[in-house]
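# Structure at a glance
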Amino acid sequence: MRRPLLLALGLLLLHHSCCFEFVINGDWEDEESDTENQNHERQKFQRAALTSEEDQTFEAIRGDDITVNSYRVESRITSRFAHTSVRSSVLNSGSRAQSIGFNVQIPKRAFISNFTMNVNGITFVGSVKEKALARRLYAQASSRNKAAGIVRTNAQDLETFTTEVHVPPGSSVAFELHYQEMMERRLGVYQHNLFLQPGRPVPHFQVDVYIYEPKGISKLETPNTLGERFVNLIQVTATKDKAHVVFKPNLHQQRKCENCSGSAIDGIFSVKYDVTRDSNAGELQVSDLYFVHFFAPSNLSPLPKNIVFVIDVSGSMWGVKMKQTVEAMKAILDDLKMEDRFSIIDFNHNVRCWSEELLPASPLQVADAKRYVQNIKPTGGTNINEALIRAAQMLVRANSQGFVDPRSVSMIILVSDGDPTVGEIKLSKIQKNVKRVMTEELSLFSLGIGFDVDYDFLERIAMENRGMAQRIYANHDAAEQIRAFYSQVSSPLLKKVTVHFPEGAVTDVTQSHFDKFFGGSELVVAGKVQLSDSNTLTSFTSASAASLQLNLETETDITELDMELATQQHSFTGFAKQMWAYLTIKQLIRERSLVTTVGKKRKITKQITELALQHSFVTPLTALLVESEDATERLRFGFPPESKQSVQILSGPPSVNVVYATPPPWIQVPITTPSSQVLSGPVETVLPPKVNLVDGDPHFIIRLPGSNMDVCFNIDSKPGHILSLVSDTGTGVVVNGQLISSKQPHKNTVSSYFGIISVYHQPAGVSVKVGTDRISMADGRSSHSFTWGATADITQDSVRISIVKNSHVTVTIDNSIRVTVLLHRVWRKHPVNVDFLGLYIPSDNQYSPLVHGLIGQFSREPEVSVYDVHEGPDPLKKEATMEVKGHTLRVTSRGWQKDFRHDRKRGSNVYCWFVHNSGKGFIDGRYGDYIMPDLNSFLQTV
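Each chain carries its own residue numbering, running from 1 in the direction its sequence is written. Given that the model is predicted, a residue must reach a pLDDT of at least 70 before its local features are reported, and side-chain atom pairs must reach 80 or more before they are shown or counted; all residues, however, enter totals for whole chains, interfaces and linings. Note that water and hydrogens are dropped before the side-chain values are worked out from all heavy atoms of the structure.

## Comments concerning empty space enclosed by the protein
- Cavities and pockets were defined on a 1 Å grid built from protein atoms only: a cavity is a group of points that admits a 1.4 Å probe but offers it no way out, a pocket is an open group of points flanked by protein on both sides within 12 Å along at least five of seven lines, and a lining residue is one with an atom within 4 Å of any such point. Grid points are joined across faces, edges and corners, and a volume is the space filled by probe spheres set on the points. Following the criterion strictly, the structure yields ten cavities of 30 Å³ or more and no others.
- Approximately 70 Å³ is the volume found for the largest cavity.
- For the largest cavity, the full set of lining residues is Tyr71, Val73, Val86, Val104, Gln105, Tyr179, Leu194, Phe195 and Leu196.
- Each helix is a run of DSSP H or I of at least 4 residues and each strand a run of E of at least 2, with the numbering of both proceeding from the N terminus. Sorting elements by how many residues they give to the lining of the largest cavity places strand 12 (residues 189-196) first, with three residues.
- Grouping the constituent residues of the lining of the largest cavity by class yields eight nonpolar, one polar and no charged. Under the convention adopted here, Pro, Cys and the residues Ala, Val, Leu, Ile, Met, Phe, Trp and Tyr are nonpolar, Asp, Glu, Lys and Arg are charged, and Gly plus all remaining residues are polar.

Given below as structure tokens:
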């Protein structure tokens, strides 16, 4: 969350003067002047002022005797980046001069990008300036008439932009405000909120939300947030990748009642959506030589959690705050899973622990913890310092003593409503103490209840310790707010996420190392693309999941999206450039809040200012200068004075310390400066040169190197049957395949193919199932799923999975056994054919002497003799006699069995001796002996 962006503007227009002046209350920030205590005391005063104004009524257009002709809101969302404009036209229809106010509530994470105003034909156009320059230019055109501005915020996730103009009767005023923001994914959706409170019916009232997502929109909804009467007035038009939401009630529909003058439109107009994701590797987009990488994997098992809840029970929490905190805690405790471990610390002037050690979240322990929370009685002072140190020490001790799962993540969740009053009370000292005891494995999340809390301090200690903070509004449903925040961090899926790019491919990359990824959220990395001979940009993402090490790859054409955007009427064509600037500025502001030296702060201040000016963002360090076209009349907008202990601070993507994950072995990391994000590309997986294989309908080809020949046979089994391909009880490896059928018979024959190949390693308890749609991996405790849509490298214990996008998967066990599965795609609307799999197993796999299966048995090469080669009925197929395993068989030479390793479409012909009757005599027993009950079953004695 952040300081109220904006700003209130006051403006005075005299009957006989066209000069304006705007003054912001408060002092300009001096980076060196104020002490910590001075800042702290000033912020206490500002927090008290905010609290007193929190419940003031809000109207978009203010005036006693005015006519609002139009009020229009338009948002254009392209690839999660929104550009919103709010326009209104107003007439002073009274008989006297009066003030007309234009108020807009915007999301706290947004940046204002422009404001224009037309007063009786005089147009004022906005431009972002450095604060000092804006002040000087403004002073040049100022007059002696002044109107003071105010600063306030009055909504949970919104901040107020306020303008006021004093105009004579008959005057017309047109207002237009623009702001931009990145949509943050929370709990699986993006939510775009527009605050609508016109205060009166408006003849031309309309809201338009245009969404364009290149990969497609997977879900779209417009929640009933304005009331039942407006549900049927919201029109939604959607295609695969575009949506248009319109809200256009007429005057009658807007009225509260038949004869009422007030408007029934009062609340938040909300649009929720999510995008289509075809792989866990993320989505890479390039526009105007700026890239954005979106990373939001799914189908991964959550990591176990170790949580210490630290609850403020000082006297200031008495009443509603404590009641709602207890209610939220009881629900959160019920949400813990059996594999989670937890404890509770409550503090006032003393610090108490429900348990000195982390305990498993069993039903018995959860019930006891709920009773403990229920009996808390707020009283006394606030000793934040000791409470946080005790919590960190508890987690560190549990980790060092081996009491927690090595796969787990450890976190502290702090709930507090006030400033420290007992023990160490100096904020900078507390910050240092907490950082000192928090190891790299721990994260701190802070919840600040109400306006009395020093939220800036809570967010600083959270950001510095790989977490984030959120304000909880005591006058709202605090319990639900706390539960909603916990839901965002309750499902950690990945640790140590790092996004890399090939050396020299990109520059100016935003944060690309993330401590954790939580289910339902999204990580976003942006930067600039360097021109090269290649039209392709590739990204590599490495991360740790539950017992897995993931290495994922995705790529995109750097010109394709721009051509598509050019055809979209309502897209925001500059989205990638603005998103990069937005993320960079947010990141720099977070860094600036943590630096301790004036020199570093000045350096970051300069960077923020330069970026804000280039990309027209009103930030805490810039101002919006609004001036007439001849530059003789000027208005100045800006953030309120910034201080070290402000009421709210910038929100945005969670900020965490840099944690480097181990890059995949096929990536060469050059020696670079810490700020570079470069990698060379992967070495392409080489398919084994000499293999036993089964492909097609299904055709087995067995390589016999000792006899220098290939022998082939078919298996005429039924769809649904599971066949044992390799079964080795000595190494604990099983490779089985399940058959699927063609869509319908062809020439009265139903073809069968392998639709699933399963590789099971019993010692590690790891099962890999390769299907035509996705690849899944499970170990009994957790499961993970990956699509064919991205190149990836996944390692768990002794099992490694290497996926080559839309091509093949190689499963390697103990670096001694390899299994490669090829994907065969067919035209989706083909009346007969289906997607299927081919299996390729190297002849030199190191099995134990106990290996068997339709393919595994031939690791012990049988003696084979082929003689009496002669012409057969078909002149293209010779016949011969084969002696093998004590059997004498009639075999046929064939040159049309296929190996698809090198030619995926047509395959290459393999010359082999074909054994009829489902390999009878060549394989041990009959093919029916190889039908298994499930995909992980070992073959019994044949």
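## Describing the state of the cysteines
- Disulfide: a pair of cysteine sulfur atoms within 2.5 Å of each other. Under the definition given, this model contains two disulfides.
- One disulfide bridge connects cysteine 257 with cysteine 260, the sulfur atoms lying 1.6 Å from each other. The sign of the 80° torsion about the S-S bond sets the cysteine 257-cysteine 260 disulfide as right-handed.
- For the exposure calls, accessible area comes from a 1.4 Å probe over protein chains only, and a residue counts as buried if that area is under 20% of its type's maximum, exposed if over 50%, partly exposed in between. The partly exposed category is assigned to cysteine 257, whose relative accessible area is 37%.
- Disulfide pairing is shown between cysteine 712 and cysteine 912; the S-S distance is 2.0 Å. On the sign convention where negative is left-handed, the bridge of cysteine 712 and cysteine 912, at about 70° about the S-S bond, is right-handed. On the criterion of sequence distance, the pair formed by cysteine 712 in strand 37 (residues 709-714) and cysteine 912 in strand 52 (residues 908-915) is long-range, its members being 200 residues apart. Each member of the pair cysteine 712 and cysteine 912 is classed as buried.
- Looking at the protein, its bonded cysteines, counted consecutively from the start of the sequence, adopt the pairing 1-2, 3-4.

## Describing unusual backbone geometry
- Here the phi dihedral of serine 79 falls at roughly 50°; this positive angle occurs in a residue that is not glycine.
- Looking at the element boundaries, serine 79 is found in the loop between strand 4 (66-78) and strand 5 (81-92).
- The class for serine 79 is buried, based on a relative accessible area of 0%.
- Even without being a glycine, aspartate 868 presents a positive backbone phi close to 55°.
- Topologically, aspartate 868 is positioned in strand 49 (residues 864-871).

## Observations regarding the pattern of salt bridges
- Each reported salt bridge corresponds to a side-chain nitrogen of Lys or Arg within 4 Å of a carboxyl oxygen of Asp or Glu. A full pass over the atoms with the stated rule returns 34 salt bridges.
- Between aspartate 274 and arginine 185 there is a salt bridge whose closest N-O contact spans 3.1 Å. Here aspartate 274, found in strand 17 (residues 267-275), pairs with arginine 185, found in strand 11 (residues 185-186); they are 89 residues apart in sequence, far enough to count as distant. For the pair shown, aspartate 274 and arginine 185 are each scored as buried.
- Lysine 242 is paired through a salt bridge with aspartate 241; the nearest N and O atoms lie 3.3 Å apart.
- Each of Arg80, Arg185, Glu213, Asp274, Arg277, Glu283 and Glu522 takes part in salt bridges that share partners, so that together they form one network.

## Brief notes about the packing of helix 4 (residues 320-335) against helix 5 (residues 363-374)
- A fitted line through C-alpha atoms represents every axis, and for helices the fit uses only the stretch in contact; the resulting angles, taken between N-to-C directions, go from 0 to 180 degrees. Packing of helix 4 against helix 5 brings their axes to within 10 Å, and their N-to-C directions diverge by 175°. With respect to helix 5, the axis of helix 4 lies roughly antiparallel. Contacts from Val326, Met329, Lys330, Leu333 and Asp334 in helix 4 reach Val366, Ala369, Lys370, Val373 and Gln374 in helix 5.
- Broken down by class, the residue content of the contact of helix 4 with helix 5 amounts to six nonpolar, one polar and three charged. When an angle is under 35 degrees it counts as roughly parallel; over 145 it counts as roughly antiparallel; between 65 and 115 it counts as roughly perpendicular; any other value is oblique. Residue contacts are defined here by distance: any two heavy atoms, one from each residue, within 4.5 Å place the two residues in contact.

## What about helix 9 (residues 478-489)?
- When the terminal C-alpha atoms of helix 9 are compared, their 17 Å separation across twelve residues agrees well with the 16 Å that a helix rising 1.5 Å per residue should span.
- For helix 9, every residue scored as buried is listed here: Ala478, Ala479, Gln481, Ile482, Phe485, Tyr486, Gln488 and Val489. Expected span, for any helix, means 1.5 Å times one less than how many residues it has.

## Here we look at the nonpolar core
- Grouped together as the largest cluster of nonpolar side chains are 87 residues, with contacts concentrated most on Phe291, Leu494, Leu537, Val768, Leu839 and Phe922.
- Leave out the neighbours within four places in its chain, and phenylalanine 291 touches Leu284, Gln285, Val286, Phe501, Val506, Val509, Val525, Ala526, Gly527, Lys528, Val529 and Leu537. Among the buried residues, those of types Ala, Val, Leu, Ile, Met, Phe, Trp, Tyr and Cys that are joined through side-chain atoms within 4.5 Å form a nonpolar core.

## Thoughts on the sheet that holds strand 14 (residues 217-221)
- Pairing is antiparallel in the open sheet, where four strands are placed in the order 11-12-17-14. Unpaired on one side and paired on the other, strand 11 and strand 14 mark the two borders of the sheet.
- Any two strands between which DSSP finds at least two bridges are classified as paired. Sheet analysis places strand 12 next to strand 17, joined by seven bridges and oriented antiparallel. The partner of tyrosine 190 across the bridge, within strand 17, is tyrosine 273.

## Concerning the packing of helix 4 against helix 9
- Orientation of helix 4 relative to helix 9, taken along the N-to-C sense of each, is 30°, at an axis distance of 8 Å. Considering the relative orientation of helix 4 and helix 9, their crossing is right-handed. Within the contact between the two elements, helix 4 uses Gln324, Thr325, Glu327, Ala328, Ala331, Ile332 and Asp335 and helix 9 uses Ala478, Ala479, Ile482, Arg483 and Tyr486.
- Residue composition of the contact of helix 4 with helix 9, grouped by class: seven nonpolar, two polar and three charged. Crossing chirality is assigned from the near helix's rotation relative to the far helix, an anticlockwise turn below a right angle marking it left-handed and a clockwise turn marking it right-handed.

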